[in-house]
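# Structural characterization, general
If you want the building blocks of each chain, they are given just below.
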Amino acid sequence: MARLIRMDGTGHSTLAEWTTHDDPAFEAAVQEFRGQLDLGYIGTVPEGPGKASQVRELPREADLVILRRPIAGG
Amino acid sequence: MSAPGASAPALPELGSVPWRERTDARWLARYGRWWRVSTALYTAPLAVGSVAMVAFEPVTIPVALATAAHAWMIPELYAFRGASVVRPKGLRNEAAEPVAQGLLGDLLDHDARALQRETGLALEPGELGTWLVGESGALLIAPGRRRVHCFCVRVPDPELPPSDRIAHLLLALRTDEEGFATVANHAFCGAPWRVRRRLPKPMRPALDAARQRAR
């Protein structure tokens, strides 16, 4: 089962879960994902060792999508 | 809903620093040379002056010693500033830390996970060198292992537990390494031994491991 999680003050929160063939669950995840992007979060898909990609649309086949806050120079 | 064009290779945070030149290997090498030259420019006059004072007027030895101490101390203070980028800072949020530690552990391989739990720094090999990512900054051991670049970079959310802060930086680094280095503020560049002396003791094995990994 794929998961959409957000890193936050609780460690992380699972916002949505879906499977490839479960359209209603995926649509709910898409709505949640878009809502989080509107709040300023950035969608990131870990792609194995040393790689990750930013996504602007929720990828249906991803196992894990992580929402993170923007970084800044300290 | 997935689409190949829906992913973006560049960090969106680059939009907040449009004036900065992209930090690539050439930029880092140039900046490293600039640091070396500037260090020489502000230490050499003090060092030469202290020797000259003793040579021309031996009675000035106390002043010469103070001048020589300044020549030694100024680079040390810069190295301290560099090492400080990875010192733990801010709220610890210990209640949420175990959950965050679990997610961070999932992002790291076995060796990097063990090192991070021991030292607080996540080792990440990259194209620009070997990175050590902390809660509010990162060290980059450049190829050749003769220089460490210290970057101050953070996620501006004080409620996040420490491991989530590291995970934020790690994901940004993995998304766009040069973009990550561009967004970060460069705090110091110098010899690894200078930075190592100024790191908290528990973090030093991470720098040793990163130097071994860097080529």
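Residues numbered from 1 in each chain as written. Chains lettered and ligands numbered in written order. Predicted model: local features only at pLDDT ≥ 70, side-chain atom pairs only at ≥ 80, totals over all residues. Heavy atoms only, no water.

Residue and element names in this part refer to chain B. Throughout the structure, instances matching the rule amount to 14 salt bridges over all chains. Of the charged contacts in the structure, one is a salt bridge between Glu76 and Arg194, with a shortest N-O distance of 2.7 Å. Highlighted residues: Glu76 in helix α2 (residues 61-83) and Arg194 in helix α7 (residues 192-198), separated in sequence by 118 residues. In this pair, the class of Glu76 matches that of Arg194, namely buried. The network of salt bridges with common partners includes Glu76, Arg194, Arg197 and Arg198. (Salt bridge = Lys/Arg side-chain N within 4 Å of Asp/Glu carboxyl O. Helix = DSSP H or I, 4+ residues; strand = E, 2+ residues; numbered from the N terminus. Buried < 20%, exposed > 50% of the residue type's maximum accessible area, 1.4 Å probe, protein only.)

Residues and elements named next belong to chain B. Estimated volume of the largest pocket: approximately 290 Å³. Taken together, 15 residues form the lining of the largest pocket, with Asp109, Ala112, Leu123, Pro125 and Arg213 sitting closest to its centre. Counting only elements with at least two residues in the lining of the largest pocket, the list comes to α4 (110-119), β2 (122-125) and α8 (204-213). A class-by-class count of the residues in the lining of the largest pocket yields 8 nonpolar, 2 polar and 5 charged. (1 Å grid on protein atoms, 1.4 Å probe; cavity = no way out; pocket = protein on both sides within 12 Å on 5 of 7 lines; lining within 4 Å. Points joined across faces, edges and corners; volume = space filled by probe spheres on them. Nonpolar A, V, L, I, M, F, W, Y, C, P; charged D, E, K, R; others polar.)

Looking now at unusual backbone geometry. Residues and elements named next belong to chain B. Although it is not a glycine, Asn93 sits at a positive phi angle of roughly 45°. Mapped onto the elements, Asn93 comes out in the loop between α2 and α3 (97-107). Residue classification places Asn93 among the partly exposed positions, given a relative accessible area of 23%. Not every positive phi belongs to a glycine, and Arg145 is a case in point at roughly 65°. By the element assignment, Arg145 lies in the loop between β4 (137-141) and β5 (148-154).

Parts of the prediction with low pLDDT should not have their coordinates interpreted in detail. Residues and elements named next belong to chain B. With 96% of its residues at a pLDDT of 70 or more, chain B has an overall mean of 93. Below a pLDDT of 50 lies the segment residues 1-5, which in the model reaches 11 contacts outside its immediate sequence neighbourhood of four places, other chains included. Confidence metrics for the complex model read pTM 0.93 and ipTM 0.96. (pLDDT = per-residue confidence, 0-100. Contact = heavy atoms within 4.5 Å.)

Looking now at the packing of aromatic side chains. One pass over the full model with this rule turns up 10 aromatic pairs over all chains. Aromatic pair B:Trp35 and B:Phe188: ring centres 5.3 Å apart, planes at 70°, arrangement edge-to-face. With B:Trp35 in helix α1 (residues 25-56) and B:Phe188 in strand β6 (residues 185-190), the pair connects residues that are 153 residues apart, well separated along the chain. Neither B:Trp35 nor B:Phe188 differs from the other in exposure class; each is buried. Members of the aromatic cluster, connected to one another through ring pairs, are B:Trp27, B:Tyr31, B:Trp34, B:Trp35, B:Tyr42, B:Tyr78 and B:Phe188. Directly above the ring of A:Tyr41 sits A:Arg69, whose terminal nitrogen or CZ lies 4.1 Å from the centroid. The side chain of B:Arg194 reaches across the aromatic face of B:Trp72, ending 5.5 Å from its centre. (Phe/Tyr/Trp six-rings, centres within 6.5 Å; stacked < 30°, edge-to-face > 60°. Lys NZ or Arg CZ within 6 Å of the ring centre and 35° of its normal.)

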